[in-house]
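Examination of the molecular architecture
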Amino acid sequence: MTMQRLPKLTGGLLLGACSVIALQASAQDTETGSFTEALKSGEVGLNLRYRVETVDQEGIDEDATASTLRTRLNWRSGSYRGFTGFLELDDVTAVGNDHYNSTVNGEFQYPVVADPEGTEVNQAYLRYNGGNSVITAGRQRINLDSQRFVGGVGWRQNEQTYDGLRYQYGSNDSLQLDYSYIYRVNRIFGEDSFNSDFDGDIQLLHAAYPLAEGHKLSGFAYNLDLDNSVNNSSRTYGLDYKGNFGAVKANLSYALQTDTGDSPLDYSADYYLAELGADLGPVSTKLGYEVLGSDNGVGFKTPLATLHKFQGFTDRFLATPADGIEDLYISGATKIAGGKLSMAYHNFEANEASATYGREWNLSYGRKITEDISALVKYASYNADEYSVDTDKFWLMVTANF
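Residues numbered from 1 in each chain as written. Predicted model: local features only at pLDDT ≥ 70, side-chain atom pairs only at ≥ 80, totals over all residues. Heavy atoms only, no water.

1. A word on the overall build of the chain
- If you tally the helices and strands in the chain, you get three helices and 20 strands.
- Radius of gyration (C-alpha) of the chain: 22 Å, near the 21 Å computed for a compact globule of 402 residues.
- Seen through its principal axes, the chain has C-alpha atoms that stretch 65 × 50 × 50 Å.
- Expressed as a percentage of its 402 residues, the buried residues of the chain come to 46%. (Helix = DSSP H or I, 4+ residues; strand = E, 2+ residues; numbered from the N terminus. Rg over C-alpha atoms; globule rule 2.2 N^0.38 Å. Buried < 20%, exposed > 50% of the residue type's maximum accessible area, 1.4 Å probe, protein only.)

This is the structure we're talking about:
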């Protein structure tokens, strides 16, 4: 196990402990037991996720087949005076031959499947829960809103996590404030990769308020001042609205992004989202239009997003093209044979030019096999026009929780 990150992580834990010690007195009146009892009452969890992913990509003669198993072991302590501790270890192992380019295994004759082998500390944090206030210090998972700008990339076998300090205030029926200071982002590529981390000063501010029942307005300001990826240094301000109108649900979002920090780029790009959803009998449908704009040949950047959730499962648009991108999509989902069947269609075009990038179909079916075991099958096909290349991907995944 590579442990090179732990000294700085330990410093984050100590910083968090100092930050919350002043709040401890208020929790003493309600907490009982002892530190030893908190350790003894801790819970252990085990998660196994086996996946086969195949990629047929135009321009690469060999098809990729990635057969990988992620083993996740975690432990959560009991609560003592409002404090809990959490430790989570992940191991990703290739089962059989690694006929895929994991980005670090040197198998460049195959398409990329970004699931490198390795063992890491996925999360390690100390948390104080003071009722309406929660403070978390250390390595942790952070998912904000739909994860369009900040997420954990949970689809990949090696999850993206964040080293730093997070403060959360409020509840679902009142004002919610969420602020994080992050000094390192542990990316999905593993510790052996040149792209393993984002280091720098990252500040994430998010606020949400329920306007009325079924209607929520969120505002956010994300400042990414990165030391080792200066072209991704950016400042993003935005608003997000979610509304429930009975049979119809709406999601509207807007954001403005500019360069910041030591970025050599000079741009100001917009983001738009308009999405409507409705239940048509047994089928849940969505119609959406998402725009990531560009300026001076620089596309709107989302380096911390859970990108696999957006713009198609083939991941052809992990980085926004220089001319931006417009994604017009429609999807439907229904319950069948005890599981959920989903289908989506995307049409991609440039935002700043007349180019038609391509089209993509996505199909997935998932269901529980037992209370603890679930299975998922997915297929995605991208038909390139004026961007990237034709790509077909297939997944079979089984997940077990104990």
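2. Some details on the environment of aspartate 240
- If you trace the backbone, aspartate 240 turns up in strand 10 (residues 234-245).
- Measuring from C-alpha to C-alpha, the distance between aspartate 240 and serine 218 comes to 5.0 Å, with 22 residues separating the pair along the chain.
- Within the structure, the side chain of aspartate 240 is placed 3.1 Å from the side chain of asparagine 251, a separation counted as a polar contact.
- Polar contacts involving the side chain of aspartate 240 include one to the side chain of serine 253, which spans 3.4 Å. (Polar contact = N/O pair within 3.5 Å; in protein donor to acceptor, adjacent residues only side chain to side chain.)

3. Overview of a nonpolar patch on the surface
- A contiguous nonpolar surface patch, about 960 Å² in accessible area, is contributed by Tyr167, Tyr169, Leu175, Leu177, Tyr179, Tyr181, Leu205, Tyr209, Leu211, Leu217 and Leu239.
- Sorting the residues of the nonpolar patch by element identifies strand 6 (161-169), strand 7 (176-186) and strand 8 (197-212) as the ones contributing at least two each.
- Looking at where tyrosine 209 falls in the secondary structure, it is placed in strand 8. (Patch = residues over 30% accessible without salt bridge, like charges linked within 9 Å, V, L, I, M, F, W, Y side chains within 5 Å. Areas by Shrake-Rupley, 256 points an atom, 1.4 Å probe, with all protein chains shown as cover. Salt bridge = Lys/Arg side-chain N within 4 Å of Asp/Glu carboxyl O.)

4. Thoughts on the confidence of the model for the chain
- The predicted model of the chain has a mean per-residue pLDDT of 92, with 92% of residues at 70 or higher.
- Predicted confidence for residues 1-30 stays below pLDDT 50, and this span has 47 contacts to residues more than four positions away or in other chains. (pLDDT = per-residue confidence, 0-100. Contact = heavy atoms within 4.5 Å.)

5. Points about the nonpolar core
- Counting residues in each nonpolar core, the largest one holds 32 residues, and the members touching the most others are Phe149, Val150, Ile202, Leu204, Tyr222 and Tyr357.
- Among the elements of the structure, strand 7, strand 8, strand 9 (215-226), strand 12 (268-280), strand 16 (325-336) and strand 19 (373-384) are those that each provide at least two residues to this core.
- At four residues, the largest contribution of residues to this core is made by strand 9.
- Ignoring anything within four residues of it in the chain, the contact list for valine 150 reads Ile142, Asn143, Leu144, Tyr162, Leu204, Tyr222, Leu304 and Ala305.
- Of all hydrophobic cores here, the second largest spans seven residues; its members include Val55, Ala64, Tyr110 and Val113. (Core = buried A, V, L, I, M, F, W, Y, C linked by side-chain atoms within 4.5 Å.)

6. Looking at the pattern of salt bridges
- Tallied over the entire structure, the rule returns 16 salt bridges.
- Residue arginine 51 pairs with aspartate 115 through a salt bridge whose shortest N-O separation is 3.1 Å. With a gap of 64 residues between them, arginine 51 in strand 1 (residues 43-57) and aspartate 115 in the loop between strand 3 (83-94) and strand 4 (118-129) connect regions that are remote in the sequence.
- Given a relative accessible area of 1%, aspartate 115 falls into the buried group.

7. What about the pairing of strand 12?
- Two elements, strand 11 (residues 248-259) and strand 12, share 11 bridges in a ladder whose sense is antiparallel. Counted as the bridge partner of leucine 256 is aspartate 270 from strand 12.
- Turn length for the strand 12-strand 13 (residues 283-292) hairpin, with the two strands adjacent in sequence and antiparallel, is two residues, and the turn residue glycine 281 shows positive phi of about 65°. (Pairing = 2+ DSSP bridges.)

8. Topic: the side chain of threonine 399
- In this fold, threonine 399 is placed in strand 20 (residues 391-401).
- Note on threonine 399: relative accessible area 13%, which makes it buried.

9. Re the packing of aromatic side chains
- Taken as a whole and judged by the stated rule, the model has 19 aromatic pairs.
- When the ring of phenylalanine 149 is compared with that of phenylalanine 220, the centres are 5.2 Å apart and the planes differ by 40°; the resulting orientation is tilted. Taken together, the positions of phenylalanine 149 in the loop between strand 5 (133-140) and strand 6 and phenylalanine 220 in strand 9 put the pair 71 residues apart, joining distant regions of the chain.
- Relative accessible area serves as the criterion here: at 6%, phenylalanine 220 is assigned to the buried category.
- With 5.9 Å between their ring centres and 85° between their planes, phenylalanine 317 and tyrosine 382 make a pair best called edge-to-face. Here tyrosine 382 lies in strand 19 and phenylalanine 317 lies in the loop between strand 15 (298-299) and strand 16, a separation of 65 residues in the sequence. The exposure classification of phenylalanine 317 matches that of tyrosine 382, with both residues buried.
- Its guanidinium or amino end placed over the ring of tryptophan 155, arginine 51 lies 4.3 Å from that ring's centre, counting from NZ or CZ.
- Taking the ring centre of tryptophan 155 as reference, the NZ or CZ of lysine 378 above it sits at 3.8 Å. (Phe/Tyr/Trp six-rings, centres within 6.5 Å; stacked < 30°, edge-to-face > 60°. Lys NZ or Arg CZ within 6 Å of the ring centre and 35° of its normal.)

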